[in-house]
Amino acid sequence: MSDYIIRGMAANNQVRFFAATTRDIVETARSISNTSPVATAALGRLLTAGALMGAQCKNDSDMLTLQIQCSGPIGGLTVTADAHCNVKGYVNNPDVIIPANDKGKLDVAKALDLGVLSVIKDIGLKEPYCGQTQLVSGEIAEDLTYYFATSEQIPTSVALGVLMNRDNTVKQAGGFIIQLMPFASDEVIDMLEKRLGEFTSITSCLDKGQTPLDIVKEIFDGYDVEVTDEIPAKWHCNCSKERYYRGVMSLGRKEIAAMVAEDKPIEVCCSFCKSKYSFSVDELKEMLAKAK
Ligand SMILES: [Zn+2]
């Protein structure tokens with residue numbers, strides 16, 4: 001696994017940045033869910049955003065969920081990440097196939113169409129924080145930029161990209177989040193606006209062999225760039241039979257009794273990693289005896 005995130009400050013602490021290379025995460029997601037190219041692109045962008053925003057978490061135990069509910073044929077996407085940049089995700093309809101857009105690119109916006117982006121942060125408070133915004137473009141990076149502007153009031157530039165090989169495996173994936181600090185000068189704001197306007201694409205930079213740091217340094221050419229952390233990022237699903245056991249138990253006596261009455265083992269499948277867990281009739285009987 002070679003995915004990682006760098007985070008740091010630039011231009012005399014007026015800007016903070018997060019930049020990632022996430023090919024292995026996205027390729028793992030693709031192979032688990034056998035996603036179509038447009039579904040790989042959409043899920044890969046959201047997974048990359050999850051990894052980048054995981055790196056923004058303040059506490060070790062913080063959890064982040066990015067969820068898109070939409071009317072397009074992809075149906076919806078869910079990504080979760082933790083503060084250590086462990087991410088996992090799935091799309092509702094991994095088989096979605098739609099024509100390329102007028103630039104000949106995978107049409108993620110068309111796959112999503114209208115919808116809502118939710119950012120749910122569990123930072124150990126009684127209720128998780130939830131910010132919601134309408135999708136503005138369905139290209140995901142722009143939607144997150146809009147989320148940061150409206151829900152967190154932070155001027156932000158988000159770039160996310162997934163580049164496919166001819167055989168539809170993932171060639172490159174990555175992204176960055178660049179955020180202005182409240183005291184950023186007009187000079188720095190103008191410089192960033194110009195350079196980000198000229199920026200081509202994150203995956204073409206990665207494909208040229210540039211690292212996340214090379215890309216950040218190029219954007220901030222002539223200004224100081226200080227990396228404070230480099231964090232390995234990876235696909236990780238924390239599901240287990242124990243977790244599903246607790247899930248079934250939480251359904252309560254009545255539901256479990258109904259399962260026992262069916263007299264058949266039950267099988268549950270993890271939405272994220274597709275692992276299957278089964279509970280025998282005897283196990284269900286034991287659970288019923290313990291259930292409240
Ligand atoms: Zn799982």
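The model shown is predicted, which means the values in this text are computed figures rather than measured ones. Residue numbering note: each chain is counted from 1, following its sequence as written. At least 70 in pLDDT is required for a residue's local features to be given in this predicted model, at least 80 for side-chain atom pairs to be given and counted, and no such filter applies to totals for whole chains, interfaces and linings, which use all residues. Values shown for side chains rest on all heavy atoms present in the structure; no hydrogens or waters enter the calculation.

**Digging into a negative patch on the surface**
- Exposure above 30% relative accessible area and no salt bridge define the residues that can form patches, which grow by joining like charges within 9 Å and nonpolar side chains of Val, Leu, Ile, Met, Phe, Trp and Tyr within 5 Å. Only the protein chains shown count as cover for residues, with accessible areas throughout obtained via the Shrake-Rupley method and a probe of 1.4 Å. Each salt bridge in this description consists of a side-chain nitrogen of Lys or Arg and a carboxyl oxygen of Asp or Glu lying within 4 Å of one another. Charge assignment: positive for Lys and Arg, negative for Asp and Glu; neither His nor the chain ends contribute. Charge coordinates come from a single atom per side chain, which is NZ of Lys, CZ of Arg, CG of Asp or CD of Glu. Taken together, D186, E187, D190 and E193 make up a surface patch of like negative charges.
- Put simply, DSSP H or I for four residues or longer makes a helix, DSSP E for two residues or longer makes a strand, and each gets a number counted from the N terminus. Among the secondary structure elements, E193 is positioned in helix α5 (residues 186-198).

**Considerations on the pattern of salt bridges**
- According to the stated counting rule, one finds ten salt bridges in the structure shown.
- In this structure, K194 and E198 form a salt bridge, with 3.3 Å as the shortest nitrogen-oxygen distance. Here K194 and its partner E198 are both found in helix α5, four residues apart, which amounts to about one turn of the helix.
- The exposure class assigned to K194 is exposed, which follows from its relative accessible area of 54%.
- Throughout, exposure labels follow a simple rule: accessible area from a 1.4 Å probe, protein chains only, divided by the maximum for the residue type, with under 20% read as buried, over 50% as exposed, and the rest as partly exposed. Taking relative accessible area as the criterion, E198 reaches 53% and is therefore assigned exposed.
- The salt bridge involving E262 is made with K264; its shortest N-O contact spans 3.8 Å.

**As for unusual backbone geometry**
- Non-glycine residue I140 carries a positive phi angle of around 80 degrees.
- Mapped onto the elements, I140 comes out in the loop between β7 (129-134) and α4 (141-151).
- Look at K274: it is not a glycine, yet its phi comes out positive at around 65 degrees.
- Tracing the backbone through its elements, the reader meets K274 in the loop between β12 (266-269) and β13 (276-279).

**Some thoughts on the sheet that holds strand β8 (residues 156-164)**
- Taken in spatial order, the five strands of this open sheet run β8-β9-β2-β1-β10, and their pairing is antiparallel. Across the chains shown, the open sheet's two edge strands, defined by having one partner strand only, are β8 and β10 (225-232). The average angle at which neighbouring strand axes cross in this sheet is 10 degrees, direction not considered.
- As paired strands, strand β1 (residues 4-10) and β10 are joined by seven bridges and run antiparallel to one another. Looking at β10, one finds that I6 is bridged to E230.
- Contacts from helix α2 (residues 37-54) reach β1, β2 (15-21), β8 and β9 (170-180) within the one sheet, and its direction differs from that of β8 by about 140 degrees.
- Here, residues are in contact when the closest pair of their heavy atoms is within 4.5 Å. Here an axis means a line fitted to C-alpha atoms, over the contact stretch when the element is a helix, while the angle between two N-to-C directions is reported on a 0 to 180 degree scale. Relative to β8, α4 is tilted by about 160 degrees, and along the sheet it contacts β8 and β9. For two strands to pair, DSSP has to find at least two bridges joining them.

**Re the sheet that holds strand β6 (residues 115-122)**
- Reading across from one edge, β7-β6-β3-β4-β5-β11 is the order of the six strands in this open sheet, with mixed pairing throughout. Edge positions in the open sheet fall to β7 and β11 (234-235), since each of these has one partner strand only.
- Strand direction decides the pairing type here: strand β5 (residues 86-91) and β11, joined by two bridges, are parallel. When the bridges of β11 are listed, V87 appears paired with W235.
- Strands β6 and β7 of the sheet are contacted by α4, whose axis makes an angle of about 120 degrees with β7.

**Section: the side chain of R45**
- Along the chain, R45 turns up in helix α2.
- R45 has contacts with V108, E139, I140, L160, G161 and V162, leaving out every residue within four places of it along the chain.

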